[in-house]
Amino acid sequence: MALTVASLNVRGLRDNTKRREMFTWLRAKDFSLYMLQEVHCTENTNPVCSAEWGYQAIFSNYTSNKAGLCILFNNNFNFQIEKVFIDPRERFIICDIKTNETCLTLANIYPPDEDNPAFFLDLLDHLTDFNGEDIIIEEITILYSIWIRTREAALLKHTKIVLKSFRNFLRN
């Protein structure tokens, strides 16, 4: 079976009814992984969310009214989580999983709205600590939209360098 990935900005899973409906809807889609942004879960609500999902999950712990990420794993493929890093600012989760004798690096990214080259350099730095033969990144298109929106020449130049570095990293 091929590994399938879905990415979705859920705009909060704090509400019990919304969370249950979302998890039911996601299970029906039958993807292997779900990379969710803006889950709005906290350290206190993560165990509830994980229990309701019913399978393995990795959550960042942010505030109940903004941000937060998670990676939900379905039970339709065999895998083992090898390594996990959660950004202290909770803007990305990176993990290595082993499936079918292959190591994959997963990255769920929720970049800041403003142009922030340091964020992407930090992301690159952490990606180099992972060993996946392939990298699956969600929300990478945001890199290009930030680059296009940037108006200041100095920041634009720096962002282009970061994007070029990022593309080179992904090719290697």
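Predicted, not measured: the structure shown is a model, and the values here were computed from it. (Residues numbered from 1 in each chain as written. Predicted model: local features only at pLDDT ≥ 70, side-chain atom pairs only at ≥ 80, totals over all residues. Heavy atoms only, no water.)

### With respect to the packing of aromatic side chains
- Within this structure, the stated rule accounts for nine aromatic pairs.
- Here the aromatic rings of Phe 85 and Phe 92 are separated by 6.0 Å at their centres, their planes lie at 35 degrees, and the arrangement is tilted.
- Residue class for Phe 85 comes out partly exposed when judged on its relative accessible area of 21%.
- Every member of this aromatic cluster is reached through a ring pair, and the members are Phe 23, Phe 31, Tyr 34, Trp 53 and Tyr 55.
- The ring of Phe 130 carries the charged tip of Lys 83 above its face, separated from the ring centre by 4.7 Å. (Phe/Tyr/Trp six-rings, centres within 6.5 Å; stacked < 30°, edge-to-face > 60°. Buried < 20%, exposed > 50% of the residue type's maximum accessible area, 1.4 Å probe, protein only. Lys NZ or Arg CZ within 6 Å of the ring centre and 35° of its normal.)

### Let's talk about the side chain of Asp 87
- Take Asp 87: it is sitting in the loop between β5 (80-86) and β6 (92-99).
- Residue classification places Asp 87 among the buried positions, given a relative accessible area of 1%.
- Dropping the residues within four chain positions of it, Asp 87 is found in contact with Phe 92 and Asp 122. (Helix = DSSP H or I, 4+ residues; strand = E, 2+ residues; numbered from the N terminus. Contact = heavy atoms within 4.5 Å.)

### Points about helix α2 (residues 46-53)
- Residues of α2 that are buried include every one of Asn 46, Cys 49 and Trp 53, and no others. Buried residues of α2, seen end-on, are gathered within an arc of 65 degrees and therefore sit on one face of the element. With respect to the buried face of α2, the exposed residues turned more than 90 degrees away are Pro 47 and Ala 51.
- Against α1 (16-29), β2 (33-37), β3 (57-59) and β4 (69-73) lie the buried residues of α2. (Arc of directions from axis to C-beta.)

### Things to note about the environment of Trp 53
- Turning to its location among the elements, Trp 53 is positioned in helix α2.
- Separated by 27 residues in the primary sequence, Trp 53 and Leu 26 have C-alpha atoms spaced 9.6 Å apart.
- Those residues in contact with Trp 53 that lie beyond four places of it in its chain are Phe 23, Leu 26, Arg 27, Tyr 34, Leu 72, Phe 73 and Asn 74.

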